[in-house]
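One-letter residues, chain by chain:
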Amino acid sequence: MFMDIKFNMVNRTKQFFMEIGDLSYFAARFFKQAVKPPFEFKELLRQCYQVGNRSLLLVVTTGFIIGLVLTLQTRPTLIEFGAVSWMPNMVGISIVREIGPVITALICSGRIASGFGAELGSMKVTEQIDAMEVSGTNPFKYLVVTRILAATLMLPLLVIFGDLIALYGSSLVEYFKGNVSFRLYFNKVFEALSYGDLIPATIKSFFFGFVIGLTGCYKGYKTGRGTAGVGIAANTAVVMASLLLFVVDFIAVFVSDIFYEL
């Protein structure tokens, strides 16, 4: 019994490091192909539209609900301590620094990473990728590079939209419950924010998009044979992307804290 458990742990550890190695090689291949001509600008624009347009409504809806819930949950506590006037400052900094980028990235990981995994997995299973190689087309550049770049470029824009809608939802609560005008609310929010809040949040949004696109394309491109592999690729892409998002977020917060202290 003990030997079986030990063998399973060793096997899982080995598989984990092999997965990290394969993902790192996949990322290195992306960087090599991304700077090598010819460039697929038309496909890149199409993927940007697909990623941004199809995710916008989901991000906006989620952001609006987050703004409402965060304000409704926090307001009674601030009233108890007589600090309700600090509500715009607290909500604005919380959403822009952390809540907005992370929640938006998690929502997009379920939408984008699973979509990339399922799409590329289906093409792998039906041998469309092999047919592209035979016809002289570089499938990695056309399918993978464009999708990863699209996710990297579009996620910061989605984060900005999500933050604005979340702040708008919060301002609605303050308007109806605290008689705070929209102008006064947003003036307080922008007074509380600084470049130390905006720049790190924007930069890590690019890394979030890269991680989402990379994991989705990696799982789809490495799909095993059979239709069952498509579902597994889509599922594991979301799980891996969500886990890596928290790792990247921790590193980004740690690094930004060092520069903030300096």
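Computed from a predicted structure; not experimentally measured.

Some thoughts on the packing of aromatic side chains
Okay, step 1: Overall, the coordinates contain 15 aromatic pairs when judged by the stated rule.
Okay, step 2: Each member of the aromatic cluster is reached from another via a ring pair, and the members are Phe-64, Tyr-168, Tyr-175, Phe-176 and Phe-182.
Okay, step 3: Above the ring of Tyr-221, the side-chain terminus of Lys-124 is found at 5.6 Å from the ring centroid.

Quick notes on the UniProt feature "transmembrane region" (unreviewed entry) in the protein chain
Okay, step 1: As recorded in UniProt, the sites labelled "transmembrane region" (unreviewed entry) are residues 55-72, 148-169, 198-218 and 230-255.
Okay, step 2: Helix and strand shares over residues 198-218 are 100% and 0% respectively, and the end C-alpha atoms of the span are 30 Å apart.
Okay, step 3: Annotation note: span residues 230-255, helix share 100%, strand share 0%, distance between end C-alpha atoms 37 Å.

Observations concerning a nonpolar patch on the surface
Okay, step 1: A contiguous nonpolar patch, built from Leu-243, Val-247, Phe-250, Ile-251, Phe-254, Val-255, Ile-258 and Phe-259 and spanning about 810 Å² of accessible area, is present on the exposed surface.
Okay, step 2: You can see Phe-259 is positioned in helix 8 (residues 228-261).

A short note on the nonpolar core
Okay, step 1: With 43 residues, the main nonpolar core has Phe-26, Val-144, Ile-148, Leu-155 and Ile-212 as its most contacted residues.
Okay, step 2: If you list the elements that add at least two residues to this core, you get helix 1 (2-34), helix 2 (41-80), helix 3 (87-125), helix 4 (128-134), helix 5 (139-178), helix 7 (195-221) and helix 8.
Okay, step 3: Residue contributions to this core peak at 11 residues, all from helix 5.
Okay, step 4: Beyond its immediate sequence surroundings of up to four residues, Ile-212 is in contact with Ala-105, Cys-108, Ser-109, Ile-112, Ala-113, Leu-155, Ala-241 and Leu-245.
Okay, step 5: One finds Met-87, Ala-166, Phe-186 and Leu-193 within the second-largest nonpolar core, a separate group that totals 14 residues.

Side note on the pattern of salt bridges
Okay, step 1: Enumeration over the complete set of coordinates arrives at 6 salt bridges.
Okay, step 2: The partner of Arg-46 in a salt bridge is Glu-43, with the nearest N and O atoms 3.0 Å apart. In this pair, Arg-46 and Glu-43 both sit in helix 2, 3 residues apart, roughly one turn of the helix.
Okay, step 3: Residue Arg-46 is classed as partly exposed on the basis of its relative accessible area of 39%.
Okay, step 4: Through salt bridges with shared partners, a single network forms among Glu-98, Lys-204 and Asp-249.

Details of the confidence of the model for the protein chain
Okay, step 1: Mean pLDDT over the protein chain stands at 85; residues scoring 70 or higher make up 94%.
Okay, step 2: By mean pLDDT, helix 1 is the weakest element of the protein chain at 76, and helix 5 is the strongest at 91.

Focus: helix 6 (residues 182-192)
Okay, step 1: For helix 6, the complete set of buried residues consists of Tyr-185, Phe-186 and Val-189. Down the axis of helix 6, the smallest arc covering the buried residues is 90°, so these residues share one side. For helix 6, exposure combined with an orientation more than 90 degrees from the buried face picks out Arg-183 and Glu-191.
Okay, step 2: Next to the buried residues of helix 6 lie helix 3 and helix 5.

Regarding unusual backbone geometry
Okay, step 1: Of note, the amide linkage connecting Pro-37 to Pro-38 takes the cis form, showing an omega dihedral of 0°.
Okay, step 2: Here Pro-38 lies in the loop between helix 1 and helix 2.

Definitions and cut-offs
- Residues numbered from 1 in each chain as written.
- Predicted model: local features only at pLDDT ≥ 70, side-chain atom pairs only at ≥ 80, totals over all residues.
- Heavy atoms only, no water.
- Phe/Tyr/Trp six-rings, centres within 6.5 Å; stacked < 30°, edge-to-face > 60°.
- Lys NZ or Arg CZ within 6 Å of the ring centre and 35° of its normal.
- UniProt positions renumbered as here; feature names shortened; annotations may be inferred.
- Helix = DSSP H or I, 4+ residues; strand = E, 2+ residues; numbered from the N terminus.
- Patch = residues over 30% accessible without salt bridge, like charges linked within 9 Å, V, L, I, M, F, W, Y side chains within 5 Å.
- Areas by Shrake-Rupley, 256 points an atom, 1.4 Å probe, with all protein chains shown as cover.
- Salt bridge = Lys/Arg side-chain N within 4 Å of Asp/Glu carboxyl O.
- Core = buried A, V, L, I, M, F, W, Y, C linked by side-chain atoms within 4.5 Å.
- Buried < 20%, exposed > 50% of the residue type's maximum accessible area, 1.4 Å probe, protein only.
- Contact = heavy atoms within 4.5 Å.
- pLDDT = per-residue confidence, 0-100.
- Arc of directions from axis to C-beta.

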